[in-house]
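# Descriptive analysis of the structure
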Amino acid sequence: MPAPLRVVATASAADLLRRLSSRYGPLMMHQSGGCCDGSAPMCYPDGDFIVGDRDVLLGLLDLRLEVGETAPDLPSGNDAVPVWISGSQFEAWKHTQLVLDVVPGRGSGFSLETPEGLRFLSRGRAFAPAELAELDRVATLSGRNWAAGIRPAPATAPPVVTEASDACPIPPRKP
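Residues numbered from 1 in each chain as written. Predicted model: local features only at pLDDT ≥ 70, side-chain atom pairs only at ≥ 80, totals over all residues. Heavy atoms only, no water.

### Notes on the overall build of the chain
Cut-off, in case you're wondering: Numbered from the N terminus, helices here are DSSP runs of H or I no shorter than four residues, and strands are runs of E no shorter than two. Each residue is placed in one exposure class: buried if its accessible area under a 1.4 Å probe, protein chains only, is under 20% of its type's maximum, exposed if it is over 50%, and partly exposed if it falls in between. For every accessible area listed, the method is Shrake-Rupley and the probe measures 1.4 Å; residues are considered covered only by the protein chains on display.
The helix and strand tally for the chain stands at five helices and nine strands. Along the chain, from the amino end to the carboxyl end, the secondary structure elements read β-α-β-β-β-β-α-β-β-α-β-α-β-α. Across the 175 residues of the chain, 45% fall into the buried class. Counting only carbon and sulfur atoms, one obtains 55% of the accessible surface of the chain, whose full area is about 9100 Å².

In C-alpha cells, the structure reads:
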C-alpha cells in the first residue's frame, strides 16, 4: 500500500489555481497557523513567502492533472504548486490529510484569490491507522531540503478530487 498524499485539491481549487498561475506565474501555498489570516491556506507567487528551514512540504500539487489522474513525473513552472506548513503546525496536524477547497467569500488580503470573490479553505480528513503506518515510513521534506534541491517523488495517488466530500465527508445541514 503506497503512502497517502498529505494534501489533495478539489477540482474547483485546482481550477482557481490554474487561473491564478496564468495571471501571476508559478505559485506556492502555505497553510497558516492562525493569527491575522485566521488559519487560511494562503496563495502567493512562488518565492514571495519565505519558506523556513523547518517548514514541511505537504505536497506538490500538479495543475496538469484533472480529477483522478496521476503523472509519471513532477510538474514544473506554472504547473507546480508546492503546499507548505510550519513545522509546529505539521506536528499538530500530521495525522490529517489537508483537502484544499475553494468557497465563495473574500480571501485574506495577502492571498492571491482575494479579488476573485472566492477564498481557499482547508478541510481535514483523519488518516486511518494503516495510512499513518505508511506515512511513518516516508520522510518529510523540509524547507532546508527543498532549498538544497531535494524534491518529492511523483504522486502515486490522484491529487485532484471532485469535491471535498470525496476526501472529507461533510455532514449534511440541518433544515
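Past the structure itself, the notes keep going.
### Here's the deal with the sheet that holds strand E4 (residues 56-62)
What links the strands of a sheet is backbone hydrogen bonding, and the strands pair in either a parallel or an antiparallel sense. What counts, and what does not: Here, any two strands with at least 2 DSSP bridges between them count as paired. Two residues qualify as a contact provided that any one of their heavy atoms is within 4.5 Å of a heavy atom in the partner residue. Here, axes are lines fitted to C-alpha atoms. For helices the fit covers the stretch in contact, and angles between N-to-C directions go from 0 to 180 degrees.
If you walk across this open sheet you meet the five strands as E3-E2-E5-E4-E8, and the pairing is mixed. If you trace the sheet from one side to the other, it starts and ends with strand E3 (41-45) and strand E8 (141-142), each paired once. Pairing between strand E2 (residues 27-31) and strand E5 (residues 80-85): three bridges, direction parallel. In the strand pairing of E5, methionine 29 is matched with valine 83. Against the sheet, helix H1 (residues 11-24) makes contact with E2, E3 and E4, and its axis sits at roughly 125° relative to E2, the strand it touches most.

### Topic: the side chain of arginine 6
As a reminder of what qualifies: Under this rule, positive means Lys or Arg and negative means Asp or Glu; His and the chain ends count for nothing. Definition used for salt bridges: Asp or Glu carboxyl oxygen within 4 Å of a side-chain nitrogen of Lys or Arg. As used in this structure description, the phrase polar contact means that two N or O atoms lie within 3.5 Å; if the pair is within protein, one of them must be able to donate a hydrogen and the other to accept it, and residues adjacent in sequence are counted only when both atoms belong to side chains.
Take arginine 6: it is sitting in the segment before strand E1 (7-10). Aspartate 136 provides the closest opposite charge to the buried, salt-bridge-free arginine 6, at an N-O distance of 5.9 Å. Only 3.0 Å separates the side chain of arginine 6 from the backbone oxygen of lysine 94, close enough to count as a polar contact.

### Observations regarding the environment of leucine 60
Secondary-structure assignment places leucine 60 in strand E4. Remark: the alpha-carbon pair of leucine 60 and valine 83, spanning 23 residues in sequence, is separated by 6.1 Å. If we skip the residues at most four places from it in the chain, leucine 60 touches Leu74, Pro75, Ala80, Val81, Pro82 and Trp146.

### Details of the sheet that holds strand E6 (residues 96-104)
Spatial ordering of the open sheet is given by E7-E6-E1-E9, a layout of four strands whose pairing is mixed. For this open sheet the edge positions go to strand E7 (118-126) and strand E9 (160-161), each flanked by a neighbour on one side alone. With two bridges joining them, E1 and E9 adopt parallel strand pairing. Bridged to alanine 9 within E9 is valine 160.

### What to know about the environment of threonine 162
When you line up the elements, threonine 162 lands in the loop between E9 and helix H5 (164-167). On the accessibility criterion, threonine 162 (45% relative accessible area) is partly exposed. If near-sequence neighbours (up to four positions away) are discounted, threonine 162 is found in contact with Thr10, Ala11 and Val67.

### Observations concerning H1
The condition is simple: Here the expected span of a helix is defined as 1.5 Å times the quantity of residues minus one.
Spanning 14 residues, H1 covers 20 Å between terminal C-alpha atoms, matching the ideal 20 Å at 1.5 Å per step. For H1, every residue scored as buried is listed here: Ala13, Ala14, Leu16, Leu17, Arg18, Leu20 and Ser21.

### A look at the pattern of salt bridges
Counted under the stated rule, the structure contains eleven salt bridges. For arginine 123, the salt bridge is made with aspartate 101, and the minimal N-O distance between the two is 2.9 Å. Taken together, the residues arginine 123 in strand E7 and aspartate 101 in strand E6 connect sequence positions 22 residues apart. You can call aspartate 101 buried: its relative accessible area is 9%. Salt bridges here are not isolated pairs; linked through shared partners, they connect Asp15, Arg18 and Glu66.

### Description of the confidence of the model for the chain
Note that predicted coordinates carrying low pLDDT should not be read in detail. The cut-off we apply is this: The predictor rates its confidence in each residue with pLDDT, a number between 0 and 100.
Confidence in the prediction for the chain averages 89 pLDDT; 88% of positions are at 70 or higher. Element-level pLDDT for the chain is lowest in H5, with a mean of 68, against a maximum mean of 97 in E5.

### Observations concerning the side chain of serine 142
Looking at the element boundaries, serine 142 is found in strand E8. Polar side-chain contacts of serine 142 include one of 3.0 Å to the side chain of asparagine 145. Contacts of serine 142, omitting those with residues within four sequence positions, involve Asp53, Asp55 and Trp84.

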